[in-house]
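Listed here are the chains, written in short residue letters.
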Amino acid sequence: MATQITAGTSELRDITKMERIGAHSHVRGLGLDDRLEPRENSQGMVGQGKARKAAGMVLRMVQEGRIAGRAILFAGPPSTGKTAIALGMAQTLGQDVPFTMIAASEVFSLSMSKTEALTQAIRRSIGVRIREETEIIEGEVVEIQIDRSLTGATKTGKLTIKTIDMETIYDLGTKMIDALSKEKVLAGDIIIIDKTSGKVSKLGRSFSRSRDYDAMGADTKFVQCPEGEIQKRKEVVHTVSLHEIDVINSRTQGFLALFAGDTGEIKPELREQINTKVAEWREEGKAEIIPGVLFIDEVHMLDIECFSFLNRALENELSPLVIMASNRGMSRIRGTNVKSPHGLPVDLLDRVLIVSTRSYSEEDMQQIIQIRCEEEDVTLTPDALNVLTSMAGSTTLRYALNLISCAHMISRKRKAENVDVEDLRRAYTYFMDEKRSVQWLKEQQGSLVFEEIAPSNDSTEGGISAGDAMET
Ligand SMILES: Nc1ncnc2c1ncn2[C@@H]1O[C@H](COP(=O)(O)OP(=O)(O)OP(=O)(O)O)[C@@H](O)[C@H]1O
Ligand SMILES: [Mg+2]
């Protein structure tokens, strides 16, 4: 059975990859130079030099391969750029190296056990680069002839295809005819047919047809008619993650589950078979393992069982680089009554390298605000920029960044081009930040309903209070 293990196709990967936009869409990399020195303001990144350099060094190590069982922890007060740096890393890694990002609480919300969710996340972060030789047919279409049966149910046909040196006729079945008409292949097109999958791709139109008629779009691409044999062997390389191989080969699900995201639990026996098979491919030189990066945001939300599972998983041979982020200081480890730095057990802390992020200086904040304004297409007047920067100083950077779009809305209402101090002031009165909200709560103590918190003995609950967060 182990011999049947397949790795799917490269197209699968393109579809399952997703782009995220939102709070961090201005981050396009780590903004480091070749010597890994942080530039002052580059690729959407400002300040936080030491952490960025550390992240860059880690990336270098990942790209050189052969690191397993390492873990990094980004620790620092809220909104000091931990998530932003991780996303910058993801963008620097390059296409082929898998990067998986989960928030620790996701582990609890899926319809599977915690360890299964973690295992899937880990296996998502390990890529297998597979080399395969496939037979292709490449040439210029001379003629496509299709015969329909009387009922129209079956179609047969003939495809005449040539290169500069030779010409051949192939018989076509219904499936190939459909594939050709889906790609709108006409006589004069240069096409490639993958013999194993039957996939047809069009390279362009032949130069010899360039003067046939003029009714062509500007985007028509002309290519040379290929030389030599029509049937060729071609090496294709594609990268899939171990998780994708798991799902494709899991009997109950099949690869369609990859699109639905509902993969269920995967049997450990199957995983073992796949590991053996991949090891075999490696020995034959057909495949290469690419250890990627698993980023676990808000890692203090994992509980003690997950932590001890991670401890073991890090020691596995097939393990990615694990990056974690936490904004807790001394806080309770979920699932226990023990307090520990960053909410992580000491034995796990012992295995991680800790990178700390610091609060931003006023200038850094100003630059970040400016970058965000450009990203959101908002122009602030110089006065407004100064006011917003000092707001960021007295509240938080996130609050200030959130105000940008609100103030923009207000300025648009009075049909102004730029956001002015007055718009900011009004946005500031409409939306409260944390400090003012707490202040307001205190004032309202008589009229609001306050729930008393019973001493909880349910040890699996979070039980982390806001007071645990690191101070800015
Ligand atoms: N160095 C930076 N350069 C540019 N933008 C940044 C930088 N640091 C943070 N930001 C932006 O500031 C906002 C808050 O940062 P981020 O979400 O990364 O904080 P965090 O450390 O993950 O906080 P938390 O602990 O609350 O999750 C984001 O919109 C982020 O893109
Ligand atoms: Mg974060």
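No experiment lies behind these values; they were computed from the predicted model shown.

Peer 1: Explain the site of ligand 1 to me, please; I cannot follow it from the model alone.
Peer 2: Surveying the vicinity of ligand 1 reveals 20 residues, the closest of which are Val46, Lys82, Thr83, Tyr360 and Arg398. Between Ala23 and ligand 1, the recorded distance is 3.0 Å, taken from a backbone N or O atom to an oxygen atom. Within the complex, 95% of the 630 Å² of free accessible area of ligand 1 lies under protein. Broken down by secondary-structure element, the contributors of at least two residues to the shell around ligand 1 are strand 2 (45-46), helix 3 (82-92) and helix 14 (397-413).

Peer 1: For this particular structure, what's the right way to read the pattern of salt bridges?
Peer 2: Between side chains of opposite charge, pairing is possible as soon as their charged atoms come close. Enumeration according to the criterion identifies 25 salt bridges in this entry. Across the pair Glu288 and Arg131 runs a salt bridge, and its minimum N-O distance is 3.0 Å. Within this pair, whereas Glu288 is found in strand 12 (residues 287-291), its partner Arg131 is found in strand 5 (residues 126-148), the two being separated by 157 residues in sequence. Assessed through its relative accessible area of 34%, Glu288 is described here as partly exposed. A salt bridge links Glu135 to Arg233; its shortest N-O distance comes to 3.2 Å. Of this pair, Glu135 sits in strand 5 while Arg233 sits in strand 11 (residues 231-241), and the two are 98 residues apart along the sequence. Looking at Glu135, the relative accessible area reads 28%, which means it is partly exposed. By relative accessible area, Arg233 is classed as exposed at 52%.

Peer 1: Before we go on, may I ask you to explain unusual backbone geometry in this structure?
Peer 2: One can expect most non-glycine residues to show negative phi and most peptide bonds to be in trans. Not every positive phi belongs to a glycine, and Lys184 is a case in point at roughly 55°. With respect to the helices and strands, the residue Lys184 is situated in the loop between helix 6 (174-182) and strand 8 (189-194). In the Ramachandran plot, Lys415 falls in the positive-phi region, its phi being about 55° despite a non-glycine side chain. On the secondary structure map, Lys415 appears in the loop between helix 14 and helix 15 (421-430). Of the residues examined, Lys415 reaches a relative accessible area of 76% and is grouped as exposed.

Peer 1: Just to check I follow, could you spell out helix 9 (residues 268-283) for this structure?
Peer 2: Compared with the 22 Å implied by 1.5 Å per residue over 16 residues, the 23 Å span of helix 9 between its first and last C-alpha is a close match. Of the surrounding elements, those touching the buried residues of helix 9 are helix 5 (114-124), strand 5, helix 7 (242-249) and strand 12.

Peer 1: Honestly, the environment of Arg148 in this entry has me stumped. Any pointers?
Peer 2: Structurally, Arg148 can be placed in strand 5. Here the alpha-carbon distance between Arg148 and Thr174, two residues 26 residues apart in the chain, equals 9.8 Å. In contact with Arg148, not counting residues within four places along its chain, are Thr154 and Lys155.

Peer 1: Hey, could you run me through the sheet that holds strand 17 (residues 352-356) in this one?
Peer 2: Pairing between sheet strands relies on hydrogen bonds along the backbone, with the strands arranged either parallel or antiparallel. Taken in spatial order, the 5 strands of this open sheet run 4-13-14-3-17, and their pairing is parallel. Of all strands in the sheet, those with a lone pairing partner are strand 4 (99-103) and strand 17, marking the two edges. Here the average twist between neighbouring strands, direction ignored, is 20°.

Procedures and definitions
Residues numbered from 1 in each chain as written. Chains lettered and ligands numbered in written order. Predicted model: local features only at pLDDT ≥ 70, side-chain atom pairs only at ≥ 80, totals over all residues. Heavy atoms only, no water. Near = heavy atom within 4 Å. Polar contact = N/O pair within 3.5 Å; in protein donor to acceptor, adjacent residues only side chain to side chain. Areas by Shrake-Rupley, 256 points an atom, 1.4 Å probe, with all protein chains shown as cover. Helix = DSSP H or I, 4+ residues; strand = E, 2+ residues; numbered from the N terminus. Salt bridge = Lys/Arg side-chain N within 4 Å of Asp/Glu carboxyl O. Buried < 20%, exposed > 50% of the residue type's maximum accessible area, 1.4 Å probe, protein only. Expected span 1.5 Å × (residues − 1). Contact = heavy atoms within 4.5 Å. Pairing = 2+ DSSP bridges. Axes fitted to C-alpha atoms, helices over the stretch in contact; angles between N-to-C directions.

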